[in-house]
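# Examination of the molecular architecture
Letter by letter, the chains look like this.
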Amino acid sequence: VQLQASGGGLVQPGESLRLSCAAFGRRFSIDAMGWHRQAPGKQRELVAQITTGAGGTLNYADSVKGRFTISRDYAMNTIDLQMNSLKPEDTAVYYCHVKNYGMDYWGKGTLVTVSS
């Protein structure tokens, strides 16, 4: 599975950005798709995730609830992360993540910088 992410960039506090990620491969049995981020000097953390299976779930980090929205196109194997009301503490490299057949795949990362 290869992941291709787009979006990211430099914005001012309070502004919005949208990240997109597409998964490419021959066989899919996706257990979860989502976004993680890693800020300088910090560990990588989950930002938002959609799990499949019975019912499926949406998971968000507490710090982004109410501001970020994750969505998935099941037919195209893409996910989007709409980020509103961005804060300087959202500055990080954002990584697209897919768990396919129980294996983890990561995109290369896209930098989001929130600064005035």
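Report follows, based on the coordinates. (Residues numbered from 1 in each chain as written. Predicted model: local features only at pLDDT ≥ 70, side-chain atom pairs only at ≥ 80, totals over all residues. Heavy atoms only, no water.)

Attention now goes to the state of the cysteines. Considering all chains together, one arrives at one disulfide under this definition. One disulfide bridge connects Cys 21 with Cys 96, the sulfur atoms lying 2.0 Å from each other. Since a negative S-S torsion denotes a left-handed disulfide, the Cys 21-Cys 96 link at about -85 degrees is left-handed. Here Cys 21, found in strand E3 (residues 17–24), pairs with Cys 96, found in strand E9 (residues 92–100); they are 75 residues apart in sequence, far enough to count as distant. (Disulfide = S-S within 2.5 Å. Helix = DSSP H or I, 4+ residues; strand = E, 2+ residues; numbered from the N terminus.)

Side-chain pairing between opposite charges can occur once the charged atoms of the two side chains come close. Counted according to the given criterion, the structure contains six salt bridges. Between Asp 80 and Arg 18 there is a salt bridge, and its shortest N-O distance comes to 3.2 Å. Of this pair, Asp 80 sits in strand E8 (residues 78–83) while Arg 18 is found in strand E3, placing the two residues 62 residues apart along the sequence. Among the salt bridges present, the one from Asp 90 reaches Arg 67, with a minimum N-O distance of 2.8 Å. One end of the pair, Asp 90, is in the loop between E8 and E9; the other, Arg 67, is in the loop between strand E6 (57–60) and strand E7 (68–73), with 23 residues separating them in the sequence. (Salt bridge = Lys/Arg side-chain N within 4 Å of Asp/Glu carboxyl O.)

Bringing the pairing of strand E10 (residues 103–106) into the picture now. Bridge count between E9 and E10: four bridges; the pairing is antiparallel. Counterpart to His 97 in the pairing with E10 is Trp 106. Here E9 folds back onto E10, and the loop between the two strands holds two residues, one of which, Tyr 101, carries a positive phi near 50 degrees. (Pairing = 2+ DSSP bridges.)

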